[in-house]
Amino acid sequence: MADTLEIQKILKERTTSPQVITLDGAAGTGKTSLSRSLASLLGFNYLDTGAMYRSIALRLGEGAWLRSGPWLEEQLAELRFSLTGSGEETLLVLDGRPVGEEIRREEVGMWASKLAQLTVVREHLTRCQRDLGNSFSLVAEGRDMGTVVFPGAQFKYFLFADSEERARRRQRQIREEYGKEADLSEIRQDLEKRDRQDSGRSLAPLRAAEDAVSVDTTDKAFSQVLHLILEDMQSRLGAIQDPAHHRG
Ligand code: DC
């Protein structure tokens, strides 16, 4: 069983600068719940970078991806992201207001995915995300956290799961949160379409960093994946702390 206090202690002893743990993966792989729990257990802030793409998409509206680069740049320059709260209660704040539930709409996810293909948008958000990483210790979830935004992070995880299972998870979430019975095959088609868009783009596509630990979450319970990640962190920190480990 991993000891989160021990992990926190070793991390604090090693550096006083903010640290970043990255969790990348497609929608429905479980990265949001895992990132939030990890943030709480380790006393880090939680950064949902998908929510940053979504809030920009909602603010700029449908079709913004068709507008000119200079127009987009001008709009983006006006926006200010920050974080408040801590652990899983961390809130993403845009221009002084916590971002709301309306960014979770399926269509907003699709708009976000379209905007996420544009250099001007990615460069801007990469800068904002790194600025937040300089101010807060983060568990950062997204698609390119380990590959592009925080390539130097010591702990990187890449989650994947088959699309049938991911669609079931999303259906369950919609049922629990909104009391609605969504169509499974429709959800699956939307997920797969967004996957193709996110994995197929030339800029910062969804993929595992070479030094990321990949975890298949298809048949694993949330608590299993959480323990797997914490145990991996603890064993690597232990290996670094204890020189005898290297001699072995
Ligand atoms: O994680 P999510 O489903 O809320 O993200 C919405 C979209 O934002 C996703 O389809 C692609 C884009 N995105 C991205 O390109 N890079 C990230 N780091 C996070 C999200």
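First, a word on what this report is: a plain description of the structure on this page. Please read all numbers here as calculations on a predicted model, not as lab measurements. (Residues numbered from 1 in each chain as written. Predicted model: local features only at pLDDT ≥ 70, side-chain atom pairs only at ≥ 80, totals over all residues. Heavy atoms only, no water.)

**Section: the overall build of the chain**
Regarding its fold elements, the chain presents 11 helices and 8 strands. Taken over the C-alpha trace, the chain has a radius of gyration of 18 Å; the compact-globule value for 248 residues is 18 Å, and the two agree within 12%. With the principal axes as the frame, the chain shows a C-alpha extent of 60 × 40 × 35 Å. The 248 residues of the chain split such that 48% are buried. Long-range pairs, those at least 24 residues apart, make up 77% of the contacts in the chain with a sequence separation of at least 6. Entry remark: accessible area of the chain is about 12,500 Å², with carbon and sulfur atoms responsible for 48%. (Helix = DSSP H or I, 4+ residues; strand = E, 2+ residues; numbered from the N terminus. Rg over C-alpha atoms; globule rule 2.2 N^0.38 Å. Buried < 20%, exposed > 50% of the residue type's maximum accessible area, 1.4 Å probe, protein only. Contact = heavy atoms within 4.5 Å. Areas by Shrake-Rupley, 256 points an atom, 1.4 Å probe, with all protein chains shown as cover.)

**A word on the site of the ligand**
Among the 16 residues in the neighbourhood of the ligand, the closest are listed as Arg 54, Arg 143, Asp 144, Arg 194 and Asp 198. Between the ligand and the protein, one listed contact pairs an oxygen atom with a side-chain N or O atom of Asp 198 at 2.7 Å. Measuring from an oxygen atom of the ligand, one finds a side-chain N or O atom of Arg 201 at 2.9 Å. Notes on the ligand: free accessible area 440 Å², of which the protein chains cover 96%. When contributions to the shell around the ligand are tallied by element, the ones reaching two or more residues are α3 (49–60), α5 (106–115) and α9 (184–200). Considering every element that reaches the shell around the ligand, the biggest residue donor is α3, with 4 residues. (Near = heavy atom within 4 Å. Polar contact = N/O pair within 3.5 Å; in protein donor to acceptor, adjacent residues only side chain to side chain.)

**Here's the deal with a negative patch on the surface**
Taken together, Glu 101, Glu 102, Glu 176 and Glu 177 make up a surface patch of like negative charges. Topologically, Glu 102 is positioned in the loop between β5 (97–98) and α5. Residue Glu 102 is classed as partly exposed on the basis of its relative accessible area of 42%. (Patch = residues over 30% accessible without salt bridge, like charges linked within 9 Å, V, L, I, M, F, W, Y side chains within 5 Å. Salt bridge = Lys/Arg side-chain N within 4 Å of Asp/Glu carboxyl O. Lys, Arg positive; Asp, Glu negative; His and termini not counted. Charge placed at Lys NZ, Arg CZ, Asp CG, Glu CD.)

**Overview of helix α2 (residues 31–42)**
Taking 1.5 Å of rise per residue, 12 residues should cover 16 Å, and α2 covers 16 Å from first to last C-alpha, within 8% of that figure. Gly 43 sits one or two positions beyond α2 and adopts a positive phi of about 70 degrees. (Expected span 1.5 Å × (residues − 1).)

**Some remarks on the sheet that holds strand β2 (residues 45–48)**
Read across the open sheet, the 5 strands follow the order β2-β6-β1-β7-β8; overall the sheet is parallel. Strands at the two margins of the open sheet, each flanked by one partner only, are β2 and β8 (213–216). Strand-to-strand twist across the sheet, computed as the mean angle between neighbouring axes with direction ignored, equals 20 degrees. Of the strand pairs in this sheet, strand β1 (residues 20–25) and strand β7 (residues 155–160) are connected by 5 bridges, and their pairing is parallel. The residue bridging Leu 23 from the neighbouring strand is Tyr 157, located in β7. (Pairing = 2+ DSSP bridges. Axes fitted to C-alpha atoms, helices over the stretch in contact; angles between N-to-C directions.)

**A short note on unusual backbone geometry**
Peptide bonds are, in most cases, trans, and in most cases residues other than glycine have a negative phi. Positive phi, close to 50 degrees, is recorded for Asp 95, a residue that is not glycine. Examined against the element boundaries, Asp 95 turns out to sit in the loop between β4 (91–94) and β5. The phi angle at Ala 204 is positive, at roughly 40 degrees, despite the residue not being glycine. By the secondary structure assignment, Ala 204 is in the loop between α9 and β8.

**With respect to the nonpolar core**
Counting residues in hydrophobic clusters, the biggest one holds 33 residues, and the most contacted among them are Met 52, Ile 56, Phe 81, Leu 125 and Phe 150. Among the elements that take part in this core, α3 stands out by supplying 6 residues, more than any other. The contacts of Phe 81, once residues within four sequence positions are left out, are Met 52, Ser 55, Ile 56, Leu 92, Val 93, Leu 94, Leu 125, Cys 128 and Leu 132. In terms of nonpolar packing, the next biggest core, distinct from the first, is built from 23 residues, Ala 2, Ile 10, Ile 21 and Leu 23 among them. (Core = buried A, V, L, I, M, F, W, Y, C linked by side-chain atoms within 4.5 Å.)

**As for the pairing of strand β3 (residues 81–84)**
Residues Phe 81 and Leu 83 point to one face of β3 and are all buried, whereas Ser 82 and Thr 84, pointing to the other face, are not buried. The pairing of β3 with β4 spans 4 bridges and is antiparallel. Opposite Ser 82, over in β4, you have Val 93 as the bridge partner. The hairpin formed by β3 and β4 contains 6 residues between the paired strands, and Gly 85 there has a positive phi angle of roughly 80 degrees.

**Here we look at the packing of aromatic side chains**
According to the stated counting rule, one finds 0 aromatic pairs in the structure shown. The side chain of Arg 67 reaches across the aromatic face of Trp 71, ending 3.9 Å from its centre. (Phe/Tyr/Trp six-rings, centres within 6.5 Å; stacked < 30°, edge-to-face > 60°. Lys NZ or Arg CZ within 6 Å of the ring centre and 35° of its normal.)

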